[in-house]
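Listed below are the residues making up each chain.
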Amino acid sequence: YEEIEKPTPGHDQVLIRVRAAALNPLDKHMMKGVPYLMRKLFKMLKPSIQEPGRPGRDVAGVVEAVGKDVTGLKPDDEVFGVCAGAFAEYACGSKLVKKPANVTFEEAASAPVAAFTALQGLRDYGKIQPGHKVLINGAAGGVGTYAVQIAKSFGAVVTGVCSTRNVAMVQSIGADHVIDYTQEDFTATGSRYDLVLDCHWTHSVTECRRILTPSARYVLVGGPMTGIFGMMVGFLKARLSSAFSSNKMILFMAKTTKEDLAVMAELMESGKVKPVIDRRYSLGDVPEAMRYLAEGHARGKVGITIP
């Protein structure tokens, strides 16, 4: 935690004075640089003045300067989106949109990665439709809290899976039904779903298959606790299982798009989606915030506030 030179935006970038940021599990992997595949996927190079430290993606703040090729944004605009190195007073990025006036900087900063992961998982890969019965495994987490609300905005009937301490919270954000996994196994209830968004991957492919309707989709947006190799084995099993069934089991990695950030801005502005923030930390307390996130018990998002 130290003073460095202010970054300079590229031709297609915006320099913002950061007002808030938020953590994602991705930040932990990028800090460690493991598995090595992460370094290749995210082009993890040595930090520079332009990208002062890689941790931090979710961000909200005020535009200070724009590159010569930037359109639609100008100094003093309040924005949110994705910037590399968001845990700083200043950051540069190109994936930014205007923040709704009725949404705080902390709320806006908590949205990007988790929200468009939920949105793309439900809409693009899950093919969600009004009236669909949707189950969200991990409904109290960062992606899960957005998934419950986004699914409701599509007109789905939503069942959330979470622990006892989070049942009331998941109900409060719109879940029609909540399963406490410490008391009941969601794969053994006899219920069937048109779409499952699984943020934790706690059950085998066979167990997951038995809760699906004939044309249902099972979308995985995380990985098992067995790590990258366990995730790849599970993915191959899911692909093989899909090849012999009408069900589709899909593992995907979300893409950052300004279009989907704009969709989330509209959902938050309309009140259909309300970010859930568990704890807020100061910029100097990012290490403590990262340790808390790594414990795996965060309810919704963990935020960083920068006065």
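1. Topic: the nonpolar core
- Residues Phe 80, Leu 122, Ile 136, Tyr 146, Ile 150 and Met 264 are the most contacted members of the largest nonpolar core, which totals 50 residues.
- The element contributing the most residues to this core is helix α4 (residues 112-125), with 7 residues.
- The contacts of Met 264, once residues within four sequence positions are left out, are Ala 115, Leu 119, Tyr 146, Ile 150 and Val 273.
- Residues Ile 16, Val 79, Ala 91 and Tyr 292 belong to the second largest nonpolar core, which totals 26 residues.

2. Quick word on helix α10 (residues 286-294)
- Along α10, the positions that sit buried rather than exposed are Val 286, Ala 289, Met 290, Tyr 292 and Leu 293. On an axial view of α10, the arc spanned by its buried residues comes to 160 degrees, and they lie on one face.
- Following α10 by one or two positions, Gly 296 adopts a phi angle in the positive range, close to 85 degrees.

3. So, the sheet that holds strand β7 (residues 157-162)
- Strand order in the open sheet made by the 6 strands is β8-β7-β6-β9-β10-β11, with parallel pairing throughout. Edge strands, defined here as strands with exactly one partner in the open sheet, are β8 (177-180) and β11 (248-251). On average, each strand axis in the sheet is inclined to that of its neighbour by 15 degrees, with strand direction left out of account.

4. A few points about the side chain of Gln 149
- Within the secondary structure layout, Gln 149 lies in helix α5 (residues 142-153).
- Among the polar contacts listed, one links the side chain of Gln 149 to the backbone oxygen of Thr 145, at a separation of 3.0 Å.
- Excluding its chain neighbours within four sequence positions, the residues that come into contact with Gln 149 are Ile 173, Lys 272, Val 273 and Lys 274.

Basis of the calculations
Starting from 1, residues in each chain are numbered consecutively following that chain's sequence as written. It should be noted that, the model being predicted, local features are given only for residues of pLDDT at least 70 and side-chain atom pairs only at 80 or more, the latter also being counted only at that level, while totals for whole chains, interfaces and linings use all residues. Excluded from the side-chain calculation are hydrogens and water; included are all heavy atoms of the structure. Among buried residues, the Ala, Val, Leu, Ile, Met, Phe, Trp, Tyr and Cys ones that are joined through side-chain atoms within 4.5 Å form a nonpolar core. Classification of residues uses two cut-offs on accessible area relative to the type maximum, computed with a 1.4 Å probe and protein chains only: under 20% is buried, over 50% is exposed, and between them is partly exposed. Every helix listed is a DSSP run of H or I at least four residues long, and every strand listed is a run of E at least two residues long, numbered separately from the N terminus. Contact definition: two residues touch when any of their heavy atoms are within 4.5 Å. Think of it as the arc spanned by the lines of direction from the helix axis to the C-beta atoms. DSSP-based pairing: two strands are paired if at least 2 bridges between them are found. Where helices are involved, their axes are fitted lines through C-alpha atoms of the stretch in contact, as for all axes, and angles between N-to-C directions lie from 0 to 180°. Residues adjacent in sequence count toward polar contacts only when both atoms are side-chain atoms; beyond that, a polar contact is any pair of N or O atoms within 3.5 Å, and within protein one must be able to donate a hydrogen and the other to accept it.

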